[in-house]
Amino acid sequence: MNSVIKGASYILAHTPDMVMENGTTQTTEKIVNPNSEYLKELPNHIRTYEQALAYLPNQTYIGNMHPDELAKYDQPWVDTTVEGMNQRTGKYGEIMPEDEFYMLMQCVDVFELVMLEKSFVAATKEKFVANPVIDESIVARIHEGVDASEVEHFVNEEHAEPLVFAGKTVGFVKRAHDVDPNLSAHTMLENMVTKASAVLSLLHLIRVTGINKEDIDYVIDCCEEACGDMNQRGGGNFAKAAAEIAGLVNATGCDVRGFCAGPTHAFINAASLVKAGTHKHVVIVAGGCTAKLGMNGKDHVKKGLPILEDMIGGFAVLLGENDGINPEVDTEHTGKHTVGTGSAPQNVISSLVTNPLDAAGLKITDVDKYSAEMQNPDITKPAGAGDVPLANYKMIAALGVKRGDLEKKDLATFPAVHGMVGWAPTQGHIPSGVPYIGVCRDDILEGKVNRAMIIGKGSLFLGRMTNLFDGVSVMITKNSGKTEEAAVSEEHIKGLIGKAMKDFAASLLAAAEEE
Amino acid sequence: MDLENQKRVKEFAEQYGPENIVVVLGAAEGEGAGLAAETVTAGDPTFAGPLTGVQLGLTVYHVCEPEIKNEVDPTVYDEQVGMMEMVLDVDDIISEMSSIRNEYCKYL
Amino acid sequence: MSLLNGKKVIIIGDRDGVPGPAIEECVKTAGAEVVYSSTECFV
């Protein structure tokens, strides 16, 4: 029996000061061009928390607006506001402000590496603990804070990374080792942000699914960071570290990586583990990435736009045994970009889209919705990278015409019918196929969609270990309504055999009587 | 353009002579193509990389431009680029690329 | 005159456009020598 999707959570943290302090576009600029116009101009383009809340793609990400609804508004969405669409919490998660996110970073730290200044803690604690997902076990982890002089000392003399809020240094992340570059303050900060956003995703997943924490058996982390020391740089394991803070006492887990394709790899792995009976409840989770904050900031500033890459993203999905209701994950027909596929775009799309469809005896138009790379075009278009989801839909449609699944006249309408507009922040793995899983579950349960395909693609070549690209895909379908018991119930089989034997005996008797 | 790529372009121009080099781009949009073309001709417009202020004037084309397409084996071209040709706004790319070339290329 | 034949070619591909290795396959058929091939990623 296929496993099913029991629910999904999606969270954002608005981190405008981290754009300046930790985004690699900005940190690189500070090294190569410290007096640049860009660095001077950037602070004038930072969004307030209220602006980030009112931004429609963010409301879509946390589940307050359906992507089809977002598509009705003209792009760019940057100046569009809609009454009531500025909520902190949504069906799938929340948008956390930066000060509370720093509190969460301190709470998820188990090595006293994240320190916040006393008055900052005093000023933020009340609203942080008012958050319904911040439970007692997390509240108990709050440290009362350190003196301002200690913050100054660690930042200025101990290579600590400052935590800045509203332009003021309110804390720091210190190095975990004096010489180990993999435990430097920089790396610890990146990893702590990922861990905190993964934990927040897990807490919301528990809220939205109502599952008992004790019932989760296994967690797979699929972000793009690595944790380890100088002897094992990517030793791991973010999954278990986040599960510990979220209170998943009966879970272990592992990290699955594949650049932006990581989440879809993890999703297929998780669905297979449940289907195989290895575990009953498996969660996939990923936190976000500080390095990509303000990645395309130069183009945004040049075009007079706000810095739109000011959000840390996170998500989690719960997979469980088939309950006859929730949408199924079809692990029989998956797509994979193989070593031999090559990098020609048509081969890539064939391997991910038409190969699994052929195996299942389906046409391109049999999939109601494709979710490939759901990057928000507001962010990518001004940077010259185009509308990434739209380009993917055009490729799928072009392939459909080539195969005869689609008529040429349908090319133009295919993206709107079988696709969606992008709404996810450019946090690498975060937009890659998975933002739709939560919406897809709802669409299928409401009968709006019967079959969807999640496609994850990853730029492996960025790691300089291979020139290859990667990608995997998997379909989600409406539940067939057959549960485990109905399919293989021993009683039922016995009944069938008994009836067959009775019928056989009756026919023998009838034959004997005739003679 | 990525800083490492800028560094390598600069090194190859020195090693082989700028007149012997052709840069071929695969950018997704006219604007992105134009920025990359500007970088290898007039210098890095973002003032970030090793090509800042370096006017290499290299010959540069996008792979979807007819000048490149006409020289490539049509079967291979169709296999490798055929679909993207349908997806990308080739006219926009051509117009961006030719304006940069006319202004900054030194070896046409 | 040929644009590519006998030339040293530098390829800057794009993950969301045409990737480096695909361009490489093309220009090789035109008699160019590929000295560098890379693919950029903006997302």
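Quick summary incoming for the structure in this document. (Residues numbered from 1 in each chain as written. Chains lettered and ligands numbered in written order. Predicted model: local features only at pLDDT ≥ 70, side-chain atom pairs only at ≥ 80, totals over all residues. Heavy atoms only, no water.)

1. A short note on the layout of surface pockets
Residue and element names in this part refer to chain A.
So, step 1. Counted as a void, the second largest pocket has a volume near 420 Å³.
So, step 2. Forming the boundary of the second largest pocket are 19 residues, of which Val 110, Phe 111, Met 188, Met 192 and Cys 227 lie nearest the centre.
So, step 3. When residues of the lining of the second largest pocket are traced back to their parent elements, those giving at least two are helix 11 (185–209) and helix 12 (238–246).
So, step 4. Of the residues forming the lining of the second largest pocket, the biggest block, four residues, is contributed by helix 11.
So, step 5. Here the lining of the second largest pocket is composed, by residue class, of 11 nonpolar, five polar and three charged. (1 Å grid on protein atoms, 1.4 Å probe; cavity = no way out; pocket = protein on both sides within 12 Å on 5 of 7 lines; lining within 4 Å. Points joined across faces, edges and corners; volume = space filled by probe spheres on them. Helix = DSSP H or I, 4+ residues; strand = E, 2+ residues; numbered from the N terminus. Nonpolar A, V, L, I, M, F, W, Y, C, P; charged D, E, K, R; others polar.)

2. Digging into empty space enclosed by the protein
So, step 1. All told, the structure shown has three cavities of 30 Å³ or more when counted by the stated rule.
So, step 2. Here the largest cavity is characterised by a volume of approximately 160 Å³.
So, step 3. Lining of the largest cavity is provided by 16 residues; of these, A:Pro345, A:Met395, A:Lys457, A:Phe469 and C:Arg15 occupy positions nearest its centre.
So, step 4. Per-element tally for the lining of the largest cavity: the top contributor is helix 17 (residues 388–403) of chain A, with four residues.
So, step 5. Across the lining of the largest cavity, the residue classes break down as nine nonpolar, three polar and four charged.
So, step 6. In this model, the second largest cavity occupies a volume close to 40 Å³.
So, step 7. In terms of lining residues, the second largest cavity is bounded by A:Arg47, A:Tyr55, A:Asn58, A:Leu308, A:Met311, A:Asn376, A:Ile379, A:Trp423, A:Ala424 and A:Pro425.
So, step 8. Across the lining of the second largest cavity, the residue classes tally to seven nonpolar, two polar and one charged.

3. Here's the deal with the packing of helix 17 of chain A against helix 4 (residues 74–87) of chain B
So, step 1. Relative orientation of the contacting elements helix 17 of chain A and helix 4 of chain B amounts to 115°, with a least axis distance of 9 Å. In this structure, helix 17 of chain A crosses over helix 4 of chain B, and the sense of that crossing is right-handed. Where helix 17 of chain A abuts helix 4 of chain B, its residues A:Ala391, A:Lys394, A:Met395, A:Ala398 and A:Leu399 lie against B:Met83, B:Met84, B:Met86 and B:Val87.
So, step 2. The class makeup of the residues in the contact of helix 17 of chain A with helix 4 of chain B is eight nonpolar, no polar and one charged. (Axes fitted to C-alpha atoms, helices over the stretch in contact; angles between N-to-C directions. Left-handed = near helix turned anticlockwise from the far one by under 90°. Contact = heavy atoms within 4.5 Å.)

4. Digging into the sheet that holds strand 2 (residues 33–40) of chain C
So, step 1. Read across the open sheet, the four strands follow the order 2(B)-1(B)-1(C)-2(C); overall the sheet is parallel. If you trace the sheet from one side to the other, it starts and ends with strand 2 (59–62) of chain B together with strand 2 of chain C, each paired once. In this sheet, neighbouring strand axes are inclined to one another by 20° on average, regardless of whether the strands run parallel or antiparallel.
So, step 2. As defined by bridge partners, strand 1 (residues 21–25) of chain B adjoins strand 1 (residues 8–14) of chain C across five bridges and the pair is classed as parallel. Note on strand 1 of chain C: the bridge partner recorded for B:Val23 is C:Ile10.
So, step 3. The strands that helix 1 (residues 3–16) of chain B touches are strand 1 of chain B together with strand 1 and strand 2 of chain C; relative to strand 2 of chain C, the one it contacts most, it runs at about 170°.
So, step 4. Across the face of the sheet, helix 1 (residues 20–28) of chain C comes into contact with strand 1 of chain B together with strand 1 and strand 2 of chain C while running at roughly 155° to strand 2 of chain C. (Pairing = 2+ DSSP bridges.)

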